[in-house]
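Now for the letters of each chain:
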Amino acid sequence: MNNNNKRSHKAQKLLERFEKKLNRQMVSSLVSCVHCGNCTEACHYVLANPGDPTYAPAYKADQIRRIFKRHFDWTGKVFPWWVHAKSVFTDEDLEQLKDIVFGKCTNCRRCSINCPMGVDFATFNRMARGLLVSVGVMPEGVAVVSKDQWEIGNQMGVLKEDYVETIEWLSEEMEMEYNDPRAIIPIDRENANVVYSINPREVKYDPRTISDAALIFYAAGENWTMPSECWDMTNFGLFSGDDDLGGSVARKLYEKVSELKGKKLVISECGHGYRSTRCEGPNWAGMDINDFEMESSVITMLRYIGEGRIKVDKSKNNNSYTFHDSCNNARSCGLFEEPRELLDLVVDDFREMYPNRVENYCCTGGGGAMSMSEYTPLRLKSAKIKAEQLKATGAKVVVTSCHNCVDGLSDLIKHYKLGMEVTQLVNLVANALVIEKAPEVV
Ligand code: SF4
Ligand code: SF4
């Protein structure tokens, strides 16, 4: 490595760690771009900021790629001027990189699926975030949320006593309403068929989603439980690029399910939580998960209706609805037909959003963007494309299976004065429930 004496300590450390992140998939994405421009129009930042080439996915990718070329690829070592290879030297260089990888990309992967060469920019953008985080360069919100998840065990710093108190309060309310000792939220029950994990946003800001889920489990006669600790299925490691945090959070949840001898871990509606827990977590944690299954609550609810364990009356949801696919659920995990099948069972007036499924646009609050207040004006400006997409449906309510999307969509709906409501499938299913007699617990 040349010019070490001119390089800041942080820049030097970042370069040393860069090499360790280079697996075959990463290198393939770093070397394969032919700058065809196919991905440019895929990015909501480009569409909302016309005429500014610095928002193009390939341009943003090149800011990381040029470092790779300069230090780890033979072309950049031999002909640096030819392949635009360039290093990082100062802390200011790192700050500029931070503004690109955190501020101008939500890691939504829409450009990735539109690249004919298979370049997955979002994957190495996440890697670059992780490198910056490892030397302490990150938006303040990312530092705060990461610290809460490392120290308190969940993204929103919810203390155990507050969590348990909220669950007990919701449980007592349900028991009183249905006048049935089985209409409760069991905490730390062993050998349950379902261990239900949630997003801390639910306990802090949206407890109705917990009581709605509890009502569905009760109506289905499910033998279920919620853990008193290690219940957070979200994982800020996905956003920050910190694989160690990702592994630690996932491991705690998996170990808790095993400790309770749960048969299935059901993950409430959250795109990045589902991707982190079901898809990426075992790799980050270095664990094989063999003693229990993992399932999205969307599939659980659909299964209950299909098996006749719950009955629903769609006339109870009498508004007009559209559906927003979360990037992590749909593009990264292939979960896009099941929510539509469920919607079809619980609402009458459904209006598809275009484009949809894997081509849907990000809610613009993804990739941890909601925690990075310094980029809020740019986020809301870039949400214009999403606002137009929502408005074109003519629906009054947008449904999504992601807590992060609920926040991102609510924010832009307010900003662009769309007058729409945001809800989740769990709310619609609970509202449509027909409970004729007290169910037997399976
Ligand atoms: S579509 Fe792929 S190859 Fe073309 S510019 Fe974008 S990343 Fe590069
Ligand atoms: S991952 Fe999404 S936000 Fe990032 S550059 Fe690609 S399309 Fe744009």
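In case you missed it, the structure is sitting above this.
None of the values given here were measured: they were computed from a predicted structure.

Observations regarding the packing of aromatic side chains
In this structure the tally under the stated criterion is 13 aromatic pairs. Centroid distance tyrosine 45 to tyrosine 55: 6.3 Å. Interplanar angle 0 degrees. Geometry classified as stacked. Of this pair, tyrosine 45 sits in helix α3 (residues 44–48) while tyrosine 55 sits in the loop between α3 and α4 (57–72); the two residues are ten residues apart in sequence, bridging distant segments of the chain. Here tyrosine 45 matches tyrosine 55 in class, with each residue buried. Judged by centre distance (5.4 Å) and plane angle (75 degrees), the ring pair of phenylalanine 121 and phenylalanine 124 falls under edge-to-face. With phenylalanine 121 and phenylalanine 124 both in helix α8 (residues 121–134) and three residues apart, the pair spans about one turn of that helix. For the pair formed by phenylalanine 121 and phenylalanine 124, the shared burial category is buried. Taken together through their ring pairs, the aromatic side chains of Tyr196, Phe217, Trp224 and Tyr304 make up a single cluster. Against the face of tyrosine 55 rests lysine 104, its NZ or CZ located 4.6 Å from the ring centre. Across the ring face of tyrosine 361, the terminal group of arginine 110 is positioned such that the distance to the ring centre comes to 3.9 Å.

Section: the pattern of salt bridges
On inspection of all chains with the given rule, the structure shows 32 salt bridges. Of the charged contacts, one joins glutamate 16 and lysine 13 as a salt bridge, the two residues approaching to 3.2 Å between their closest N and O atoms. Of this pair, glutamate 16 and lysine 13 are both found in helix α1 (residues 9–20), three residues apart, which corresponds to roughly one turn of the helix. Owing to a relative accessible area of 34%, glutamate 16 belongs among the partly exposed residues under this scheme. Taking the shortest distance from any N to any O, the salt bridge between aspartate 243 and arginine 126 comes out at 2.7 Å. With aspartate 243 in helix α14 (residues 243–259) and arginine 126 in helix α8, this residue pair connects regions lying 117 residues apart in the sequence.

Analysis parameters
Residues numbered from 1 in each chain as written. Chains lettered and ligands numbered in written order. Predicted model: local features only at pLDDT ≥ 70, side-chain atom pairs only at ≥ 80, totals over all residues. Heavy atoms only, no water. Phe/Tyr/Trp six-rings, centres within 6.5 Å; stacked < 30°, edge-to-face > 60°. Helix = DSSP H or I, 4+ residues; strand = E, 2+ residues; numbered from the N terminus. Buried < 20%, exposed > 50% of the residue type's maximum accessible area, 1.4 Å probe, protein only. Lys NZ or Arg CZ within 6 Å of the ring centre and 35° of its normal. Salt bridge = Lys/Arg side-chain N within 4 Å of Asp/Glu carboxyl O.

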